[in-house]
Amino acid sequence: MQAIFWTGEEVAQRAKQFYENGIRQQVECDDNLGKMIVIDAETGEYGIDKTGVETALKLKQKKPNARLFTMRIGYDVAVSFGGASERTVK
Amino acid sequence: MINGKLIDGKAVVPVIFRLPTQPDFSIDFIIDTGFNDHLTLPPQAVSAMNLPLYSTTLARLADGREALLSIHLATIVWDNREKVVPILASGYKPLLGTALMEGYHLEIDFEDNGLVSLEKISPSIS
């Protein structure tokens with residue numbers, strides 16, 4: 001099915017698959033920990049910057065209907081309320 | 001310098017929004033130091049303001065549950081400078097988190113109408 005019809009859950013699931021199957025090994029280094037990675041859930045194309053804004057704008061400019069997913073490198077969740085996030089990479 | 005007030009025990013500061021083809025307007029945000037991103041707005045406000053959807057992300061809520069939130073982008077005027085920031089569609093009160101306060105010194109007088117201020121940390125001379 002075309003990406004434009006995917007639910008948020010599907011977008012998340014596909015982006016995480018790209019992350020686990022290749023992206024992770026390339027990006028999880030000291031320099032990147034805590035930065036935001038934005039992944040195109042359809043193609044696996046990604047970019048990294050401090051807030052994710054720059055990358056999201058770039059990917060959207062290339063493909064206005066891109067379905068993007070944002071993660072924080074080395075952490076279990078990108079965003080937390082009440083201070084509830086854990087670092088997963090030491 | 002950004003100035004706000006303590007209202008009902010909450011530190012509140014105004015944030016100016018600059019949306020296309022609209023005059024600037026300001027929304028009061030509650031400072032939340034347990035929130036690690038920039039801003040949240042309730043989903044109804046995000047749709048009323050027509051903020052474009054940019055991404056989806058996984059968040060951990062204060063009670064430990066995980067939730068998928070949509071990220072929208074908006075141009076704000078922060079400390080007299082235009083800045084494009086991610087806005088999370090979440091909750092029912094606008095929250096301002098630690099990512100937006102990076103590089104700032106926060107001061108709060110915890111009394112009715114107490115002064116709340118955010119001041120840019122001056123670079124240390126070394």
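From a predicted model like this one, the values you see are computed outputs, not experimental measurements.

Colleague: Looking at this model, I keep getting lost on the overall build of chain A. Mind explaining?
Modeller: If you tally the helices and strands in chain A, you get two helices and four strands. Helices and strands appear in chain A in the N-to-C order α-β-β-α-β-β. Here chain A has a C-alpha radius of gyration of 13 Å; the compact-globule value for 90 residues is 12 Å, and the two agree. With the C-alpha coordinates of chain A rotated into their principal frame, the extents come out at 35 × 25 × 25 Å. Residues classed as buried in chain A amount to 46% of the 90 residues present. For chain A, long-range pairs separated by at least 24 residues make up 47% of all intrachain contacts whose partners lie at least 6 apart in sequence. Accessible area of chain A: about 5000 Å², with a carbon and sulfur share of 47%. Side-chain charges in chain A split into 13 positive and 13 negative, and the spacing between the mean points of these groups amounts to 2 Å.

Colleague: Would you take a moment to explain the pairing of strand β1 (residues 2-7) of chain B for this structure?
Modeller: The two faces of a sheet get side chains in turn, since along a regular strand they alternate between them. Residues and elements named next belong to chain B. Alignment of β1 against strand β10 (residues 115-120), held across four bridges, turns out to be antiparallel. Looking at the pairing, Gly4 lines up with Val116 of β10. Here β1 pairs with strand β2 (residues 10-17) via three bridges, running antiparallel. Each bridged residue has a counterpart across the sheet, and for Lys5 the counterpart in β2 is Val12.

Reading the values: rules and limits
- Numbering of residues starts from 1 in each chain and follows the order in which that chain's sequence is written.
- Going through the entries in the order they are written, you letter the chains from A and number the ligands from 1.
- Predicted model: local features are reported for residues with pLDDT of at least 70 only, side-chain atom pairs are reported and counted for 80 or more only, and whole-chain, interface and lining totals are derived from all residues.
- Hydrogen atoms and water are omitted, and side-chain values are computed over all heavy atoms in the structure.
- Numbered from the N terminus, helices here are DSSP runs of H or I no shorter than four residues, and strands are runs of E no shorter than two.
- Taken over C-alpha atoms, the radius of gyration is set against a globule rule of 2.2 Å times the number of residues to the power 0.38.
- With a 1.4 Å probe rolled over the protein chains alone, any residue whose accessible area is under 20% of its type maximum counts as buried; one over 50% counts as exposed, and the rest are partly exposed.
- Only heavy atoms matter for contacts: two residues are in contact if any of them lie within 4.5 Å across the pair.
- Surface accessibility in these figures is a Shrake-Rupley result with a 1.4 Å probe; residues are shielded only by whichever protein chains are displayed.
- In this tally, Lys and Arg are treated as positive and Asp and Glu as negative; His is ignored, and so are the chain termini.
- Where a charge sits is defined by one atom per residue type, namely NZ (Lys), CZ (Arg), CG (Asp) or CD (Glu).
- Only strands joined by at least two bridges in the DSSP assignment are considered to pair.

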